[in-house]
Structures are given as structure tokens and as C-alpha cells.
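Descriptive structure summary
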Amino acid sequence: LWIQANAQKNINAKDILLDAASYIKSMIVLYDKLYHTDAENTISIKEYFTSLIKEILQIFPQGENVRLKMQINEISFNPKKLSSIALIINELITNAMKYAFADFKDAEIRVDVYQKENTVTLLFEDNGVTIPESITLENSPGFGLRLIDLLAKQVNGIILMERKNGTKFILKFEV
């Protein structure tokens with residue numbers, strides 16, 4: 001799909017194929033981790049997200065130019081919850097790669113995941129073009145931000161978006 005996407009002259013077709021490739025990559029990494037895990041019904045997000053994020057970035061031609069900062073604590077989830085969170089990460093990275101980084105000079109993505117008591121916080125931040133104030137999670141011209149909002153609700157979480165020197169998303173949910 002990646003090769004087909006990059007061969008496309010039509011930008012909409014290219015975006016659709018890149019989105020499909022990143023979804024497929026997310027699911028491949030998830031199922032690979034599920035297959036190789038010894039734990040009963042739980043997977044550590046530290047190992048999973050580290051490889052997932054790097055593999056999603058590799059889908060994009062300029063992904064190798066993005067500086068990646070991650071601080072992911074050792075937390076385990078069941079596969080259903082983990083797949084929803086992984087799809088959120090996938091959407092956030094895909095959107096950043098497609099829209100935030102018009103110029104890949106000094107492009108940076110930061111992902112932090114930590115748990116405090118019963119609350120898990122996922123921070124995703126890019127230093128690219130900030131999402132305009134007119135676009136919200138609920139009122140987006142595309143499907144990506146609405147999907148992020150729906151997936152956050154699926155894990156009984158809340159997601160906030162901050163706009164300052166790029167865009168920052170904060171997802172909080174109970175374990």
C-alpha cells in the first residue's frame with residue numbers, strides 16, 4: 001500500500017492509502033505482540049507502543065526525519081483496550097505526518113504514557129503546524145479527529161486538545 005500511495009498523483013487517493021497502510025501496520029504490530037506474549041490477556045504498552053510508533057513513522061517517506069521523544073511507563077492492558085489506544089496513537093501520528101509537518105525541518109513528536117493511581121495519561125505532542133481553532137475533535141472536516149474522540153469514549157476516557165507551538169493531545173482514562 002505504501003508504494004501504491006506514493007505513486008498516486010491524486011492527493012486524496014494517496015492520503016486514503018497511507019491511512020490504510022498505517023492501520024494495517026498498527027494491527028500487525030498488535031497481533032504480533034499478542035502472539036508472542038507470555039502474559040495471560042495483557043500486553044505491556046512500553047514495548048508495544050515503542051515499536052508501533054517507530055513502524056508507523058516508517059510508513060511515511062519523511063518519517064525518518066522526525067525526531068521522536070518517548071517516555072512510556074510499564075503498564076499492561078487487555079488487547080481490546082490496547083487496540084483502541086493504539087488506533088488513537090495511529091491517528092495522531094498519521095495526522096501529524098500529513099498535516100503538521102509541511103516542512104520536516106526540526107519536526108518532533110513526543111509521546112508520554114504514565115499511570116498515577118488508577119488514571120492513565122497519554123500525552124501526544126507535535127511541534128508542527130497547529131490545528132486551527134475552528135477545528136475541534138467533534139467538528140472536524142476529516143474522519144481522523146472524530147475517530148480519536150470516539151475511541152477515547154470507547155475506553156471511557158476524555159481527550160483534550162491544546163494548541164501552542166504545535167498541537168498537544170491529552171488522553172486520560174481509568175485502568
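For the structure given in this document, a descriptive report is provided here. Quantities reported herein were computed from a predicted structural model and do not represent experimental measurements.

Phi at Asp106 is positive, roughly 60°, even though this residue is not glycine. Mapped onto the elements, Asp106 comes out in the loop between helix H4 (79-100) and strand S4 (108-116).

Tallied over the full model, the rule gives 2 aromatic pairs. A ring pair is formed by Tyr48 and Phe49, whose centres lie 5.5 Å apart and whose planes are at 40°; its orientation type is tilted. Taking relative accessible area as the criterion, Tyr48 reaches 0% and is therefore assigned buried. Between Phe77 and Phe173, the ring centres sit 5.6 Å apart and the planes meet at 45°, which makes this aromatic pair tilted. Residue Phe77 is found in strand S3 (residues 76-77), and its partner Phe173 is found in strand S7 (residues 167-174); the two are separated by 96 residues along the sequence. Phe173 matches Phe77 in its accessibility class, with the two residues each being buried.

Approximately 440 Å³ is the volume attributed to the largest pocket. Lining the largest pocket we find 25 residues, and of these Asn95, Tyr99, Ile131, Ser140 and Leu145 sit closest to its centre. In the lining of the largest pocket, the residues fall into 14 nonpolar, 7 polar and 4 charged.

Reading the values: the criteria
- Numbering of residues starts from 1 in every chain and runs along the sequence as written.
- Confidence filtering applies because this is a predicted model: local features only for residues at pLDDT of at least 70, side-chain atom pairs given and counted only at 80 or more, and all residues used for totals across whole chains, interfaces and linings.
- Side-chain descriptors were evaluated using all non-hydrogen atoms of the structure, hydrogens and water having been removed beforehand.
- Helix and strand assignments come from DSSP, with helices taken as H or I runs of at least 4 residues and strands as E runs of at least 2, each series counted from the N terminus.
- In this scheme Phe, Tyr and Trp rings, the latter by its six-membered ring, pair at centre separations within 6.5 Å, and the angle between planes marks the pair as stacked below 30 degrees, edge-to-face above 60, and tilted otherwise.
- Think of it in three bands: residues with accessible area under 20% of the maximum for their type are buried, residues over 50% are exposed, and the middle band is partly exposed, with areas taken using a 1.4 Å probe on protein chains only.
- In this analysis a 1.4 Å probe is tested at points of a 1 Å grid over the protein atoms alone, and where it fits but cannot get out there is a cavity; an open set with protein on both sides within 12 Å along at least five of seven lines is a pocket; lining residues have an atom within 4 Å of a point.
- Grid points are joined across faces, edges and corners, and a volume is the space filled by probe spheres set on the points.
- Under the scheme applied, nonpolar residues are Ala, Val, Leu, Ile, Met, Phe, Trp, Tyr, Cys and Pro; charged residues are Asp, Glu, Lys and Arg; polar residues are all the others, including Gly.

Keep in mind these values describe shape, not function.
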